[in-house]
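The chain contents come next:
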Amino acid sequence: MKNLAAALDELQEDHQWRSRNLLSSAQQIEPVINGRKVLSFCSNDYLGLACEPRIIERYVEAAKTFGVGSGASHLITGHHACHHALEEELADFLGCERTLLFSTGYMANLGLVGALAGRDTTVYQDRLSHASLIDAAVLARAHLKRYDHLAVDALHRHLRKNVGKDGLIATDGVFSMDGTVAPIEALQKLADSFSVPLVVDDAHGIGVLGEEGKGCTEGCRRDETILVGTLGKAFGVFGAFVAARADIIEWCVQRARSYIYTTALPPSVAEAARTALALIREEPGRRAKLLEQVAYFRQCAREADLPVTASRTPIQPIVLGDSKTALEASRALLEEGILVQAIREPTVPKHQARLRVTLCATHTRSHIDRLIDVLTRSCSRSGEDPS
Ligand SMILES: *Cc1c(COP(=O)(O)O)cnc(C)c1O
């Protein structure tokens, strides 16, 4: 084993040290973090559902009726009518044959890719795909081929070189650190012409993108495309699902190890997610409000000469360069009571350290005004020569 004390020192010297903020309130726009109320631009609770009273009420009611723990895995006695109903409602929402619940999005990717790929499979992934998709390919012992971010032509070249061999394309729908959106139609076309399955992990798109909140594949998803979604982000709850053709789902039931060898979600969590799904379907105003805040932030940031990217999603990176600069900017913001995460290596490529602003439907224009004001001062301050 490596010398951990030395390795930990090295992390600190390289500005790679990570520490946890201690949350002592509910996850909301102004949470109490490290004992202090701050204005947060760091949560994935895009629609403000994590504290929605109707969801909480259903959750508590279901816990009283069905207990706290599910007590078993799905294939033993843990598969509850609450899970089953949620799977059916998700399938109806997304217009696919079946869905399958997993405990987390991370586990959904491990289970799905592990069930579909093996030693002889090449898994093609965007260079910026989520850690869980990379780990999934590694765990499946597949060959991992990564192509440049959004570079469909590079993927095409790889596929042409491997015609007739077993393959699988896996991509984020919305890329979690950049807020960019995968070119779904082009990827589907390639998947079709080379007869390989396409997995779209739309953790940040489900509930957020599309007129109806079906995510980045809304309006263009073909039956063959396999969708992964989480219930922990826009749904404001916990858990995840795979949505696909019935035979693929059944194969996951039979073979996905992270589905089989783990305790099922508590039934009350499934009930909370059902309520969240109903609200996502019935209250499109939350989505509209969210996108309005994104547009407002981008407009203000541009006017303030902040280095915004092309992202149109609630993930709005401000790329600052090295880890130290990003970290200092984040600290300067916190001094003024604003929480924005600095994202560093290895989560993002070297020299692309950034502040990652995430917007929620529950932010107001005055919250955003405050952010822009402090950002403008902090970013120029962190760029100054310390001498
Ligand atoms: C957050 C995220 C996951 C993990 O989902 P969890 O339910 O939090 O485990 C998977 N993929 C992507 C792209 C994500 O952003």
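A few points on the structure. (Residues numbered from 1 in each chain as written. Predicted model: local features only at pLDDT ≥ 70, side-chain atom pairs only at ≥ 80, totals over all residues. Heavy atoms only, no water.)

### Considerations on helix α1 (residues 4-13)
Since the α-helix turns once every 3.6 residues, residues separated by three or four places project in the same direction.
Line of reasoning, step 1. N-capping of α1 is provided by N3, with a side-chain oxygen placed 3.1 Å from the backbone N of A5.
Line of reasoning, step 2. A positive phi of about 60 degrees marks H15, the residue just after α1. (Polar contact = N/O pair within 3.5 Å; in protein donor to acceptor, adjacent residues only side chain to side chain. Helix = DSSP H or I, 4+ residues; strand = E, 2+ residues; numbered from the N terminus.)

### A word on the sheet that holds strand β14 (residues 353-358)
Line of reasoning, step 1. With respect to topology, three strands assemble into an open sheet ordered β11-β14-β13, the strand pairing being antiparallel. Looking at the sheet topology across the chains shown, the edges are occupied by β11 (315-321) and β13 (341-343). Each strand axis lies, on average, 30 degrees off the axis of its neighbour in the sheet, ignoring direction.
Line of reasoning, step 2. Pairing geometry for β11 and β14, over six bridges, is antiparallel. By the bridge assignment for β14, G321 is matched with A353.
Line of reasoning, step 3. Each of β11, β13 and β14 is contacted by helix α13 (residues 323-335), which is oriented at about 40 degrees to β14, the strand it contacts most. (Pairing = 2+ DSSP bridges. Axes fitted to C-alpha atoms, helices over the stretch in contact; angles between N-to-C directions. Contact = heavy atoms within 4.5 Å.)

### Digging into a nonpolar patch on the surface
Line of reasoning, step 1. A contiguous nonpolar surface patch, about 550 Å² in accessible area, is contributed by M1, L4, L8, L11 and W17.
Line of reasoning, step 2. Structurally, L4 is set in helix α1.
Line of reasoning, step 3. On the basis of relative accessibility, which here comes to 44%, the residue L4 falls in the partly exposed class. (Patch = residues over 30% accessible without salt bridge, like charges linked within 9 Å, V, L, I, M, F, W, Y side chains within 5 Å. Areas by Shrake-Rupley, 256 points an atom, 1.4 Å probe, with all protein chains shown as cover. Salt bridge = Lys/Arg side-chain N within 4 Å of Asp/Glu carboxyl O. Buried < 20%, exposed > 50% of the residue type's maximum accessible area, 1.4 Å probe, protein only.)

### A few points about the packing of aromatic side chains
Line of reasoning, step 1. Scanning the entire structure with this criterion turns up one aromatic pair.
Line of reasoning, step 2. Note on F102 and Y259: the rings are 5.6 Å apart at their centroids and 65 degrees apart in plane angle, and the pair reads as edge-to-face. Pair noted here: F102 is in strand β4 (residues 98-102) and Y259 is in helix α10 (residues 257-260), with a separation of 157 residues, a long-range link.
Line of reasoning, step 3. F102 gets classed as buried once you look at its relative accessible area, which sits at 3%. (Phe/Tyr/Trp six-rings, centres within 6.5 Å; stacked < 30°, edge-to-face > 60°.)

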